Structure formats: C-alpha cells, structure tokens
Amino acid sequence: MKVGLVHDPVYLEHDTGSHPENKQRLVAATTLLETSGLMGRLISLPPRMVTAEELLTIHAQEHIEQVESYSQRGGGWLDGDTVASPGSYKAALYAAGGLLRGVDAVLNGEVNSAFALVRPPGHHATHNRAMGFCLFNNIAIAARYAQQQHGIERILIVDPDVHHGNGTQGSFYDDPTVLYFSTHQYPFYPGTGAVDETGSGAGLGTTVNVPLPAGCGDSEYRQVYEEILAPVARRFQPQLILVSAGYDPHWADQIAMMQVSVSGFADIITIIKELANELCDGRVLVTLEGGYNLEAVAYGIKATLDVLMGNSKIEDPLGGPRYSRQAPPVDTVLDRVRKAHQLG
Ligand SMILES: [Zn+2]
C-alpha cells in the first residue's frame with residue numbers, strides 16, 4: 001500500500017509554549033516514525049499554503065484577517081483556550097494547505113491513502129471564529145476542495161476525537177453532500193453534538209452524532225463504529241472518507257475521560273479503512289486533531305499509519321487503562337441514534 005504523509009517543520013512555528021496543544025506532539029510523533037523505520041516507507045507529501053479563495057469556502061474574511069493580525073502583532077489569545085504566536089498564521093495556512101495536498105495525492109492516485117500530520121488542528125474552528133485550539137477548519141476546507149477541484153460529490157467525515165467537532169458540523173449542517181459522523185464524550189467541551197442534532201433542510205440526516213458517556217473504552221468504540229458508522233456509511237455511499245483523528249479518547253489523555261487504548265485506535269481506523277475499501281477504492285485522508293498525552297499521540301499516529309499500510313503488528317506499549325473502570329452502558333444512546341437515523 002502506498003501511504004502518503006504530509007509533514008513539515010513549518011507546523012512547529014505555531015508556538016503555543018506549555019499549552020497542551022504544543023509542538024512536542026508533532027516532535028514525538030515524527031521521532032517515533034523515524035526511529036521505528038516507518039517514516040522511510042511512507043511517501044513524503046510536502047504541503048503548500050491554502051489560498052485565500054480556498055479559505056473563503058468555509059471562513060469569513062474577517063476571521064481570516066483576525067488570525068493574520070494576531071500573528072502580525074506578535075500573537076495573543078483568540079479565545080479562552082486558543083492562542084496564536086507570530087508563526088501561527090503561516091502554520092495555519094500550511095495546515096489547511098497540507099490537507100489539500102493530501103486530497104490531491106489520494107484522488108490523483110499518487111497514494112492509496114494519506115495522513116496529514118499538521119497543526120494547528122481544525123475541527124472546532126467555525127465560519128467566523130477560532131476556538132478550542134483551532135484556527136482554520138482544515139478538514140472542512142479539504143472536503144470543499146475535493147468537491148470543487150476534483151468533482152467528488154459525496155464525502156464522509158469521521159471524527160473520533162473525544163470532543164465534538166462543532167465547526168465541521170456547522171460547515172455542512174444543511175448540506176446533504178457531506179456526511180459528518182462524530183463520536184465524543186458528552187456532556188463535554190464544546191457542548192454540541194447531541195443525538196438530535198441531525199442536520200437541517202436538505203442536509204437533514206447527514207449529521208450523525210454519537211454522544212458517549214465518560215469511561216467508554218475499546219469495546220464500546222468498536223461497537224459504535226461497527227453498528228452505527230458502518231450502516232450509515234453504506235447508506236451514504238461516500239466517494240472519499242476524511243478522518244479527524246484525535247487521540248484524546250486515550251485513557252492516558254490528561255484532558256478527557258475515555259479509556260481507549262492505542263490498539264483501540266487501530267481497531268477504529270481498521271473499520272474505517274475496510275469501509276473505504278468497500279465503498280470508495282480505499283480513498284482515505286486522515287488528519288491530526290487533538291490528543292495531548294505525547295506517547296499516546298505518537299503511538300496512536302503510528303498505529304493509524306500501520307493500519308493504512310496494511311501492517312498487521314500494532315505497537316501498543318502503553319497497553320490498557322492503568323486504573324480500569326467499568327465502562328458505562330451505551331445501548332440506550334445507540335438505540336436513540338438508530339431511531340434518529342432510521343437504522344435497522
Ligand atoms: Zn479533542
């Protein structure tokens with residue numbers, strides 16, 4: 001399998017200091033990919049900058065100017081938890097552009113699938129504001145680009161990040177051509193992502209939220225992806241799958257309360273990859289969103305790439321939860337999701 005990796009030192013220029021979303025996350029991941037030898041087997045995809053026109057497919061001009069001016073003035077806090085540095089605007093342009101490079105590579109057949117190892121992340125960024133560590137909504141911009149530049153009609157966005165991707169959902173809430181599927185801890189930041197948020201107008205039914213109670217682990221996640229994502233994807237028939245890979249459902253993550261392991265991440269991406277093989281010639285572009293425990297992020301990214309490569313051995317040195325708790329029951333919420341989306 002030819003698997004592309006979008007990576008570049010420019011992503012370290014978004015300098016957030018000791019913020020949980022800091023450049024050490026990428027340093028840890030690339031170091032592990034290099035020492036394990038996996039880096040040498042990936043096809044390197046150098047990113048480009050997103051253009052103003054491409055940004056405007058998702059964001060307001062005033063929002064773009066605000067991010068630019070914060071960086072030009074030396075940085076600052078864009079909201080209570082989102083910070084910009086002098087290099088952030090440039091890094092953010094390359095982050096969104098990195099996904100576009102990944103879309104090109106996957107859809108031109110240069111690679112079978114790809115991982116865009118970028119930051120700042122994007123799924124909380126809305127039409128007119130930065131929030132939740134996100135400046136521009138990379139994956140939403142990539143979905144529009146795939147439609148407009150490659151003539152793709154239907155795109156499935158899968159968001160396993162532990163937080164609900166409110167910005168991505170909002171970008172396509174009334175759009176039947178992009179199906180947004182999210183699993184997330186609930187209630188939790190940013191507060192959105194209830195079962196009854198299912199889209200509006202022509203987009204009714206193409207937003208699928210699976211809000212999960214804190215404490216879910218590998219088997220609950222596997223159940224959701226097999227029993228909810230799979231039938232939703234088969235019904236929608238996507239021509240491309242984009243993945244907002246957040247590694248913050250990991251049990252060791254310091255800002256969330258799920259119990260997923262690195263092996264659990266491998267199971268989730270395996271299910272997504274098999275759906276892509278069945279529905280859209282294996283065309284998957286994964287991008288990094290959250291995940292704040294450096295080891296969990298690094299091994300989670302490596303496991304994702306191993307699955308995409310077809311490597312059967314998954315390295316999970318962190319293992320299962322150190323202090324395992326009984327997972328809460330999820331049958332009730334899954335029944336509500338099935339009912340809301342008429343799944344058999
Ligand atoms: Zn997150």
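The rules behind these values
All residue numbers refer to positions counted from 1 along the written sequence of the respective chain. Residue-level local features of this predicted model are given only where pLDDT is at least 70; pairs of side-chain atoms are given and counted only at 80 or more, and the full residue set underlies all totals for whole chains, interfaces and linings. Only hydrogens and water are removed before side-chain values are computed, so all heavy atoms of the structure are retained for them. Think of it this way: any DSSP run of H or I at least four residues long counts as a helix, any run of E at least two long counts as a strand, and we number them from the N terminus. Buried means the residue's accessible area, taken with a 1.4 Å probe over protein chains only, is under 20% of the maximum for its type, while exposed means over 50%, and partly exposed covers the values in between. Residue contacts follow a heavy-atom distance rule, with two residues in contact if any of their heavy atoms lie within 4.5 Å. The charge count includes Lys and Arg as positive and Asp and Glu as negative, but it does not include His or the ends of the chains. Charge positions come from single atoms, namely NZ of Lys, CZ of Arg, CG of Asp or CD of Glu. In what follows, salt bridge is the name for a side-chain nitrogen of Lys or Arg lying within 4 Å of a carboxyl oxygen of Asp or Glu. When DSSP finds two or more bridges between a pair of strands, those strands are recorded as paired. Each axis is a line fitted through C-alpha atoms, and for a helix only the stretch in contact is used; angles between axes span 0 to 180 degrees, taken between their N-to-C directions. Take the far helix as the reference: if the near one is turned anticlockwise from it by less than a right angle, the crossing is left-handed, and if turned clockwise, right-handed. Residues are grouped as follows: Ala, Val, Leu, Ile, Met, Phe, Trp, Tyr, Cys and Pro are nonpolar; Asp, Glu, Lys and Arg are charged; all remaining types, including Gly, are polar. One less than the residue count of a helix, multiplied by 1.5 Å, gives the span that helix is expected to have. Within 3.5 Å is the distance limit for a polar contact, defined as a pair of N or O atoms, with the added protein rule that one can donate a hydrogen and the other accept it, and that residues adjacent in sequence qualify only through two side-chain atoms. Sites may look incomplete because water is not among the atoms; the donors themselves are N, O and S atoms within 2.8 Å of the metal, or within 3.2 Å for Na, K and Ca. Tetrahedral means four donors with every angle between 85 and 135 degrees, whereas square planar (four donors) and octahedral (six donors) require angles over 155 degrees between opposite donors and between 65 and 115 for all others; sites fitting neither are termed irregular. Nonpolar cores were defined as sets of buried Ala, Val, Leu, Ile, Met, Phe, Trp, Tyr and Cys residues, with membership established by side-chain atoms within 4.5 Å.

> Got a minute to help me understand the overall build of the protein in this structure?
A count of helical and extended segments in the protein gives 10 helices and 10 strands. Taken along the three principal axes of its C-alpha coordinates, the protein extends 50 × 50 × 40 Å. Counting across all 344 residues of the protein, residues that qualify as buried make up 62%. For the protein, long-range pairs separated by at least 24 residues make up 79% of all intrachain contacts whose partners lie at least 6 apart in sequence. For the protein, the centre of its 24 positive side-chain charges and the centre of its 38 negative side-chain charges are spaced 3 Å apart.

> What should I look at first to understand the pattern of salt bridges in this one?
As a working rule, side chains carrying opposite charge can pair if their charged atoms are close by. Scanning the model with the defined rule gives 14 salt bridges in all. Residue Arg119 pairs with Glu21 through a salt bridge whose shortest N-O separation is 2.6 Å. With Arg119 in the loop between β5 (113–116) and α5 (138–150) and Glu21 in the loop between β1 (3–6) and α1 (24–35), this residue pair connects regions lying 98 residues apart in the sequence. Taking relative accessible area as the criterion, Arg119 reaches 0% and is therefore assigned buried. Salt-bridge contacts for Arg234 lead to Glu278; the nearest nitrogen and oxygen are separated by 2.7 Å. With Arg234 in helix α7 (residues 218–236) and Glu278 in helix α8 (residues 262–279), this pair connects stretches of sequence that are 44 residues apart. Residue class for Arg234 comes out partly exposed when judged on its relative accessible area of 42%. The class of Glu278 is partly exposed, set by a relative accessible area of 45%. Look at the salt bridges and you will find they share partners, linking Glu21, Arg25 and Arg119 into a network.

> I'm lost on the sheet that holds β1 in this one. Help?
Where strands meet in a sheet, backbone hydrogen bonds hold them as pairs that are either parallel or antiparallel. Here we have eight strands laid out as an open sheet, ordered β2-β1-β5-β10-β9-β6-β7-β8, and parallel in their pairing. Edge strands, defined here as strands with exactly one partner in the open sheet, are β2 (43–45) and β8 (207–212). Put simply, the sheet's adjacent strands are angled 15 degrees from each other on average, direction ignored. Sheet strands in contact with α5 are β6 (155–159), β7 (178–185), β9 (240–245) and β10 (284–288), and its direction is about 170 degrees off that of β9.

> Honestly, the packing of α8 against helix α9 (residues 294–309) in this entry has me stumped. Any pointers?
Geometrically, a packed helix pair is captured by the angle between its two axes and the distance between the axes. Taken N-terminus to C-terminus, the directions of α8 and α9 make an angle of 35 degrees; their axes are 9 Å apart at the nearest point. Viewed along their axes, α8 and α9 form a crossing whose handedness is right-handed. The segment α8 lies against α9, with Val262, Phe265, Ala266, Ile269, Thr270 and Lys273 engaging Ala296, Tyr299, Gly300, Ala303, Thr304, Val307 and Leu308. Each residue belonging to the contact of α8 with α9 can be placed in one class, and the counts come to nine nonpolar, three polar and one charged.

> Would you mind going over α9 with me for this structure?
Helical geometry: 3.6 residues make up each α-helical turn, so side chains three or four residues apart lie on a common side. Here α9 is 16 residues long and its end C-alpha atoms lie 22 Å apart, about the 22 Å a rise of 1.5 Å per residue gives. Among the 16 residues in α9, 14 count as buried, and that is most of the element. Sitting at the head of α9, Asn293 places a side-chain oxygen 3.1 Å from the backbone nitrogen of Glu295.

> Would you mind showing me how to read the coordination of the zinc ion here?
Protein coordination at the zinc ion comes from Asp161 (OD), Asp161 (OD), His163 (ND1) and Asp248 (OD), with a distance range of 2.0 to 2.7 Å. Coordination at the zinc ion is irregular: its four donor atoms span angles of 52 to 155 degrees at the metal. Within one chain, the residues donating to the zinc ion are spaced in sequence as D-x1-H-x84-D. Taken together, the positions of His163 in the loop between β6 and α6 (166–171) and Asp248 in the loop between β9 and α8 put the pair 85 residues apart, joining distant regions of the chain. You can call His163 buried: its relative accessible area is 6%.

> Would you take a moment to explain the nonpolar core for this structure?
The nonpolar side chains of a soluble globular protein tend to be buried with one another. Among the nonpolar cores identified, the biggest contains 116 residues, and Phe181, Tyr225 and Ile228 are the most heavily contacted of them. The biggest single contributor to this core is helix α4 (residues 88–107), with 11 residues. Excluding its chain neighbours within four sequence positions, the residues that come into contact with Ile228 are Phe181, Val208, Val210, Gln223, Leu334, Val337, Arg338 and Leu343.

> Would you take a moment to explain the environment of Ala28 for this structure?
Looking at the element boundaries, Ala28 is found in helix α1. In this structure the C-alpha to C-alpha distance between Ala28 and His163, which are 135 residues apart in sequence, comes to 22 Å. When sequence neighbours within four positions are dropped, the list of residues in contact with Ala28 reads Leu294 and Ala298.

Such coordinate-based values are descriptive only and should not be taken to indicate function.
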